[in-house]
Amino acid sequence: MTSRLDEARDIESSAEEGTALTEAAEGKKFTKRELNRLSWRWALMGQLSLNYSKMQGSGYLATIIPALKKLYGDCPDDLKRAVNAHSQFYNCTPHMTHMILGMDLAIEEQEGIDSIDTVASLKTSLMGPLSGIGDTIFAIMNSVVFGSIAATMAAEGSFVGVAIWEIWYLFVLFFLRPFFFKIGYKSGAKVVSEYSEQLKAVTKAISVLGLIVVGSMLASMVTMNLGTVAIFGQPLELGAGFFDKIMPKLPQALLAMLMLWLAGRKKMTTTKLILIVVLFCIALSACGVLVP
């Protein structure tokens, strides 16, 4: 039994040595294990030092510092320059940073310290566009789509929606983030031009999906019971007699449009919006427009 374990260890060791030799022959300075560790460092500690001065800059530096030591450890001046370059302001959707991190490592691995200014410019130029894509995809998917499913099913007494929500989080953490890192590392800076059209299509599709989900939630979960009012001495049922003939759930849609317009006003906050809705409902109830 012991001899078999020793043989298995020898085989594993030989495989790792062979992989290392192959990577060295290809000009690679990082092993697959080291790259995986760098990806996980960002996933686990990238935002631990988030601050208003440099946002995620310190977290990015803490993530990449083992790679910098391996690349520039023999030259203290180069290491100091690289550390200073990577400690500057940085702010991007955490999920998309895996792609930037992969590009960064691929470029510095090939070009060394001569590429440090290029890498700094690349980070600055990409964190905005990739944040636009990442915020759309992950904010809408996380909160709007899966959050809406979880809330709707929870209101019906089912935990399946919450379970699906958690499965999505695990899928992003264990599969999607590492996938973005691999794309960035393998393609380098070319990934932006190669996948730009696909990323735009995905972003647009998820935006449309988010709007559909919000619209369906608005129609199914927001209830407005309208009463009957007298118009020129004739009773008019506002719900079935008026608004439903124009468009079902029209009052809910009008309320959402009003809230969206108010949210764009200066100095408007969520608390103020809630107070406005409460006062608005009290006034309509007093006039008999809203009924229990």
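Residues numbered from 1 in each chain as written. Predicted model: local features only at pLDDT ≥ 70, side-chain atom pairs only at ≥ 80, totals over all residues. Heavy atoms only, no water.

Here's the deal with the overall build of the protein chain
1) Next: In terms of helices and strands, the protein chain carries 12 helices and two strands.
2) Next: For the protein chain, buried positions account for 34% of its 292 residues.
3) Next: Long-range pairs, those at least 24 residues apart, make up 67% of the contacts in the protein chain with a sequence separation of at least 6. (Helix = DSSP H or I, 4+ residues; strand = E, 2+ residues; numbered from the N terminus. Buried < 20%, exposed > 50% of the residue type's maximum accessible area, 1.4 Å probe, protein only. Contact = heavy atoms within 4.5 Å.)

Overview of the side chain of Glu109
1) Next: By the element assignment, Glu109 lies in helix α5 (residues 94–111).
2) Next: Owing to a relative accessible area of 4%, Glu109 belongs among the buried residues under this scheme.

Structural notes on the packing of α5 against helix α6 (residues 116–155)
1) Next: Contact geometry for α5 and α6: axes closest at 8 Å, N-to-C directions at 160 degrees. With respect to α6, the element α5 is oriented roughly antiparallel. Judged by the twist between their axes, the crossing of α5 over α6 is right-handed. Residues His95, Met96, Ile100, Met103, Asp104, Ile107 and Glu108 of α5 touch α6, and the partners they reach there are Ile116, Val119, Leu122, Lys123, Leu126, Met127, Leu130, Gly134 and Phe138. (Axes fitted to C-alpha atoms, helices over the stretch in contact; angles between N-to-C directions. Parallel < 35°, antiparallel > 145°, perpendicular 65-115°, else oblique. Left-handed = near helix turned anticlockwise from the far one by under 90°.)

Considering the nonpolar core
1) Next: If you look at the biggest cluster of nonpolar residues, it comprises 43 residues, and the most contacted ones within it are Leu105 and Phe138.
2) Next: Residue assignment for this core shows that the elements contributing at least two residues are α2 (32–45), α3 (57–72), α4 (76–86), α5, α6 and α7 (160–187).
3) Next: The element best represented in this core is α6, accounting for 13 residues.
4) Next: Excluding its chain neighbours within four sequence positions, the residues that come into contact with Leu105 are Phe30, Leu35, Leu38, Ile64, Ala67, Phe181 and Tyr185.
5) Next: Membership of the second largest hydrophobic core comes to eight residues, among which are Leu226, Leu238, Phe243 and Leu284. (Core = buried A, V, L, I, M, F, W, Y, C linked by side-chain atoms within 4.5 Å.)

Structural notes on the packing of α4 against α6
1) Next: The contact between α4 and α6 brings their axes to 10 Å, and the two run at 10 degrees. Judged by the inter-axis angle, α4 sits roughly parallel to α6. Across the interface between the two elements, Arg81, Ala82, Ala85 and His86 from α4 touch Ile116, Asp117, Val119 and Lys123 from α6.
2) Next: Grouping the constituent residues of the contact of α4 with α6 by class yields four nonpolar, one polar and three charged. (Nonpolar A, V, L, I, M, F, W, Y, C, P; charged D, E, K, R; others polar.)

Digging into the confidence of the model for the protein chain
1) Next: On average, residues of the protein chain carry a pLDDT of 79, and 82% of them reach 70 or more.
2) Next: Predicted confidence is poor over residues 14–25, with pLDDT under 50, and the contacts of this stretch with residues over four places away or in other chains come to five contacts. (pLDDT = per-residue confidence, 0-100.)

Description of the packing of aromatic side chains
1) Next: Scanning the entire structure with this criterion turns up 10 aromatic pairs.
2) Next: On the numbers, 5.1 Å between centres and 20 degrees between planes, the contact of Phe146 with Trp168 is stacked. Taken together, the residues Phe146 in helix α6 and Trp168 in helix α7 connect sequence positions 22 residues apart.
3) Next: Residue classification places Trp168 among the buried positions, given a relative accessible area of 12%.
4) Next: Feature note: the residues Phe146, Trp168, Phe171 and Phe175 constitute an aromatic cluster, connected by ring pairs.
5) Next: One Lys or Arg, Lys123, reaches over the ring of Tyr60 and ends 3.9 Å from the middle of that ring. (Phe/Tyr/Trp six-rings, centres within 6.5 Å; stacked < 30°, edge-to-face > 60°. Lys NZ or Arg CZ within 6 Å of the ring centre and 35° of its normal.)

Observations regarding the environment of Lys123
1) Next: As for its placement among the helices and strands, Lys123 is situated in helix α6.
2) Next: On the basis of relative accessible area, Lys123 is assigned to the buried category, the value being 6%.
3) Next: When the C-alpha positions of Lys123 and His86 are compared, they lie 9.4 Å apart, and in sequence the two are 37 residues distant.
4) Next: Each residue touching Lys123, except ones within four places of it in the same chain, is listed here: Tyr60, Ala85, His86, Tyr90, Ile100 and Asp104.

Some details on a nonpolar patch on the surface
1) Next: Together, Ile149, Phe159, Val160 and Ile164 make up a nonpolar patch on the protein surface, roughly 360 Å² of accessible area in all.
2) Next: Of note, Phe159 is situated in the loop between α6 and α7. (Patch = residues over 30% accessible without salt bridge, like charges linked within 9 Å, V, L, I, M, F, W, Y side chains within 5 Å. Areas by Shrake-Rupley, 256 points an atom, 1.4 Å probe, with all protein chains shown as cover. Salt bridge = Lys/Arg side-chain N within 4 Å of Asp/Glu carboxyl O.)

Notes on the side chain of Arg177
1) Next: With respect to the helices and strands, Arg177 occurs in helix α7.
2) Next: Of the side chains bearing the opposite charge, Asp135 lies closest to the buried Arg177, which forms no salt bridge; the N-O distance is 10 Å.
3) Next: For Arg177, the residues in contact, after removing those within four places along its chain, are Trp42, Ala43, Pro94, His95, His98 and Val172. (Lys, Arg positive; Asp, Glu negative; His and termini not counted.)

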